[in-house]
Amino acid sequence: MSDIAQHLLQVQTRIAEAAALVGRSASEIQLLAVSKTKPLAAVQAAYQAGQRRFGESYAQEAVQKVQALRDVGVSDIEWHFIGPLQSNKTRPIAEHFDWVDSVDRLKIAERLNAQRPDALPPLNICIQVNISGESQKSGTTEAQVLDLATRIQQFPRLKLRGLMAIAENTENDAVLKESFLRLQQLFGTLQQQFPSMDTLSMGMTHDLEVAVACGSSQVRIGTAIFGARDDRQD
Ligand SMILES: *Cc1c(COP(=O)(O)O)cnc(C)c1O
C-alpha cells in the first residue's frame, strides 16, 4: 500500500472516530483531498486508493492537473476549487471545475455564471465566510452572506450548495468550536431559505475533529494525506 493510501485510511479513521464521539455517522462527512502544490502522481496515488474528491487552490496548476487526468481517461473525479479567486482567472475555473467552494463576492459569482459552458451542469458553489474575523483572510462577512446567497441563487449557471470556512490557526479548541458553531448556526438558518444548500465545509488537518463535532459535512484535508507543503499563501 502506498504512503498516500495509508494516510487516507488514517484520515478516514479520524473522521469516523470524531463522528462516533458525537453520535454522527461517518457517511455524513465527505473527505475532500487537498492536493494543491502536490504533483500529479500524488493525485493518482490517492485516486488509485479510491479517493474521488479533490481540492485545488491555484488556478493554473489546478487546470493542468484536471486536464492531465482527463487525458489519461480519468473522468470520475469531482474537482473543487478552494483557493482565493481573482476575477481575471475565473474562466478556466468555470470551464474545468465541478465546484467552487471559495466564492466570497458578487463579482466572482457573476463571472463564473457568465463563463460556465452550457454543455456542463451548473457549477456548484459554496460561499466562503470569514469566521475568524482576521482581516487578511478571504471570505465574506457573516452579515453579508444572506445577500450574496440570494444573488447566487438567481444565477442559472450556478447552484448554491453551502458554506465554507477556514478557522483561525490555533490549537485552542474552545476558540475553534466557537467559530465553527457560529457557522453551523448560520448554515441552519440559510438552509431554511435555500433548500439546495447541503454542504457545510469546515475542518482541515489540524482541526477536523472539532469541525466534525460542530456539524461539518465536508472536511478539506491536505497535509495529513499528502504531507507538508511549502505554501505560497494561506
Ligand atoms: C490548503 C487548504 C486546506 C488543507 O489544509 P491542511 O491543513 O493541509 O489540511 C483546506 N482548505 C483550504 C481552503 C486550503 O487552502
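All of these numbers come straight from a predicted model, not from anything done at the bench. (Residues numbered from 1 in each chain as written. Predicted model: local features only at pLDDT ≥ 70, side-chain atom pairs only at ≥ 80, totals over all residues. Heavy atoms only, no water.)

A word on unusual backbone geometry
- Even without a glycine there, the phi angle at T37 is positive, about 70 degrees.
- As for its placement among the helices and strands, T37 is situated in the loop between β1 (30-34) and α2 (40-48). (Helix = DSSP H or I, 4+ residues; strand = E, 2+ residues; numbered from the N terminus.)

Observations concerning the side chain of T90
- Position of T90 among the secondary structure elements: in helix α4 (residues 90-96).
- Within the structure, T90 has its side chain in polar contact with the side chain of Q115 (distance 2.7 Å). (Polar contact = N/O pair within 3.5 Å; in protein donor to acceptor, adjacent residues only side chain to side chain.)

What about the pairing of β1?
- Of all five residues that make up β1, four are buried, and the element is covered over most of its length.
- Both β1 and strand β8 (residues 218-221) contribute to a ladder of four bridges, which runs parallel. For L32, the partnering residue across the bridge sits in β8 and is R220.
- For β1 and strand β2 (residues 53-56), the ladder comprises two bridges, and the chain directions are parallel. Residue A33 lies in a different strand from β2, and its bridge partner there is F54.
- In this fold, the crossover linking β1 to β2 by way of α2 has right-handed handedness. (Buried < 20%, exposed > 50% of the residue type's maximum accessible area, 1.4 Å probe, protein only. Pairing = 2+ DSSP bridges. Right-handed = clockwise from strand over helix to strand, strands pointing away.)

Quick word on the nonpolar core
- With 67 residues, the main nonpolar core has L112 and L163 as its most contacted residues.
- Excluding anything up to four places from it in sequence, L163 contacts C126, I127, V129, V145, L183, L186, F187, L190, M197, T199, L200 and S201. (Core = buried A, V, L, I, M, F, W, Y, C linked by side-chain atoms within 4.5 Å. Contact = heavy atoms within 4.5 Å.)

A closer look at the site of the ligand
- Near the ligand there are 14 residues, and of these K36, T205, R220, T223 and R229 occur at the shortest range.
- With respect to the ligand, the side chain of T205 contributes an N or O atom lying 2.5 Å from an oxygen atom.
- Here an oxygen atom of the ligand and a side-chain polar atom of T223 are 2.5 Å apart.
- Protein contacts shield 94% of the accessible area of the ligand, which totals 390 Å² for the unbound molecule. (Near = heavy atom within 4 Å. Areas by Shrake-Rupley, 256 points an atom, 1.4 Å probe, with all protein chains shown as cover.)

Examining the packing of aromatic side chains
- Summed over all chains, the structure comprises two aromatic pairs.
- Seen in terms of ring centroids, F54 and W79 are 5.8 Å apart; in terms of plane orientation they differ by 35 degrees. Their pairing is tilted. With F54 in strand β2 and W79 in strand β3 (residues 78-81), this pair connects stretches of sequence that are 25 residues apart.
- Exposure remark for W79: the relative accessible area of 2% places this residue in the buried category.
- Judged by centre distance (5.5 Å) and plane angle (90 degrees), the ring pair of F81 and F97 falls under edge-to-face. (Phe/Tyr/Trp six-rings, centres within 6.5 Å; stacked < 30°, edge-to-face > 60°.)

What to know about the state of the cysteines
- Overall, the coordinates contain zero disulfides when judged by the stated rule.
- C214 provides the cysteine sulfur closest to C126, a residue in no disulfide bond, and the two sulfurs are 18 Å apart. (Disulfide = S-S within 2.5 Å.)

A short note on the pairing of β2
- Bridge count between β2 and β3: four bridges; the pairing is parallel. Paired with F54 across the bridge in β3 is W79.
- Running through helix α3 (residues 59-71), the crossover from β2 to the neighbouring parallel element β3 is right-handed.

Points about the environment of E95
- Structurally, E95 is set in helix α4.
- For E95, a relative accessible area of 32% puts it in the partly exposed group.
- Measuring from C-alpha to C-alpha, the distance between E95 and P117 comes to 6.3 Å, with 22 residues separating the pair along the chain.
- If we skip the residues at most four places from it in the chain, E95 touches Q115, P117 and L120.

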